[in-house]
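Overview (structure and organization)
For reference, the chains in residue letters:
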Amino acid sequence: MQKISFVIPVYNEEDNLESLYREVSDIARKLGWPYEFCFVDDCSSDGSLAVLRRLAEADQRVRFLGFESNCGQSAALYAGFQHTTGDVVITMDADLQNDPADIPAMLNHYGDYEMVTGWRHSRQDTLSKKLASRVGNSFRNLMTSETIHDTGCSLKVMNGDMVRRIKMFRGLHRFLPTLMRLEGARVLEVKVNHRARMHGVSKYNNLQRGIEGFFDVLAVRWMIRKHLKFKIRQSHV
Ligand code: UDP
Ligand code: MG
């Protein structure tokens, strides 16, 4: 492993960012590999960007992008992927619900797998959110022939080259295991810790996510069906 890039989308998370930065830095230092942060501020209306500026002034490993308008989590992730160079990319939410302490165990599987994705098996969210997520995951799995329990878990360890090849569209962050598989990745899901949100609010509601998610599933199903799977028999190029 040459370098880890932490890609973290940020939308109105000002009270979470310093602790997140500290927690991830502690883990990354213990791991001992070079690392960088790429925070992507999705046009927050609170002081998130100011906090990121402060963090970047104090630590050259902190880089950030600030969007001109709110473009959504997929756009923020995509921009982050394209602006980082780590051979390993690790994503997580900026809200401290993911626990960076899970990262070393996830990295133990990296190499045998090109994607290790978290499964929040004891999720600290509202009952309605947990139910909606269960329905969403079952429907996604049925339609895309997957067996992922929790594709919505943002804590993911991915091969940087593969994830940078993926052309993201709005909403497609929920399909990263499938999209990575299409790029040739072997995908492993591992149980991870999940914590309650202490600051800020969730940016999604179940109805909007359900409606959007339904059409996104159809798009991904199409992608799977039409994916180019050629193998070269002979080459003289
Ligand atoms: N986020 C973003 N743009 C958006 C909505 C969310 O960058 O338009 C970020 C948000 O700050 C967080 C992550 O994406 O870091 C996931 O959002 P959230 O935690 O609100 O979703 P939940 O975990 O509740 O499903
Ligand atoms: Mg979250």
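You'll find the structure just up there.
The structure presented is a predicted model; accordingly, all values stated were derived computationally and were not measured.

Another aspect to go through is the pairing of strand β3 (residues 62-66). In this sheet, β3 lies alongside strand β2 (residues 35-41) in parallel orientation, the contact comprising five bridges. Bridging across to β3, F37 finds its partner in V62. Of the crossover connections in this fold, the one passing from β2 over helix α2 (residues 48-58) to the parallel β3 is right-handed.

The subject of this paragraph is the coordination of the magnesium ion (ligand 2). Here the magnesium ion (ligand 2) is held by the protein donor atoms D93 (OD) and D95 (OD), which lie 2.0 to 2.2 Å from it. When its relative accessible area of 22% is taken as the criterion, D93 is described as partly exposed.

Within the secondary structure, T117 sits in strand β5 (residues 115-120). Looking at T117, the relative accessible area reads 0%, which means it is buried. Filtering out sequence-adjacent residues up to four positions away, T117 remains in contact with M106, I148, C153, L155, K156, V187, L188, E189 and V190.

Examined against the element boundaries, R181 turns out to sit in helix α7 (residues 176-182). The exposure class of R181 is partly exposed, given its relative accessible area of 34%. C-alpha of R181 to C-alpha of M115: the two residues are 66 residues apart in sequence and 8.6 Å apart in space. Excluding anything up to four places from it in sequence, R181 contacts E146, I148 and V187. Of note is the side chain of R181, whose polar atom sits 2.5 Å from the side chain of E146.

Contact geometry of helix α1 (residues 17-31) with α2 gives a least axis separation of 10 Å together with a crossing angle of 35°. Listed contacts from α2 to L17, E18 and Y21 of α1 are S48, V51, L52, R54 and L55. Of the residues contributing to the contact of α1 with α2, the split by class is five nonpolar, one polar and two charged.

Conventions we followed
- Residue positions are counted from 1 within each chain, in the order its sequence is given.
- The naming scheme follows written order: chains are lettered A onward, ligands numbered 1 onward.
- With the structure being a predicted model, the display of local features is reserved for residues of pLDDT at least 70 and the display and counting of side-chain atom pairs for 80 or more, all residues being used for whole-chain, interface and lining totals.
- Computation of side-chain values covers all heavy atoms of the structure but excludes hydrogens and water.
- Strand pairing is defined by DSSP finding a minimum of two bridges between the two strands.
- Strands are runs of DSSP state E lasting at least two residues, helices are runs of H or I lasting at least four, and both sets are numbered from the N terminus onward.
- Orient the strands so they point away from the viewer, and a crossover whose first-strand-to-second-strand path over the helix runs clockwise is right-handed.
- Here the coordinating atoms are restricted to nitrogen, oxygen and sulfur within 2.8 Å of the metal centre, or 3.2 Å for Na, K and Ca, and because water is not among them the sites may look incomplete.
- Per-residue accessibility, obtained with a 1.4 Å probe over protein chains only, is compared with the maximum for each type, and a residue is labelled buried under 20%, exposed over 50%, and partly exposed between these values.
- Contacts are assigned to residue pairs that have any heavy atoms within 4.5 Å of one another.
- Here a polar contact is recorded for every N or O atom pair within 3.5 Å, except that within protein the pair must consist of a potential hydrogen donor and a potential acceptor, and residues adjacent in sequence are included only if both atoms are side-chain atoms.
- Lines fitted to the C-alpha atoms define the axes, with helices restricted to the stretch that makes contact. Angles between their N-to-C directions range from 0 to 180 degrees.
- Each residue is assigned to one of three groups, with Ala, Val, Leu, Ile, Met, Phe, Trp, Tyr, Cys and Pro labelled nonpolar, Asp, Glu, Lys and Arg labelled charged, and all others, Gly among them, labelled polar.

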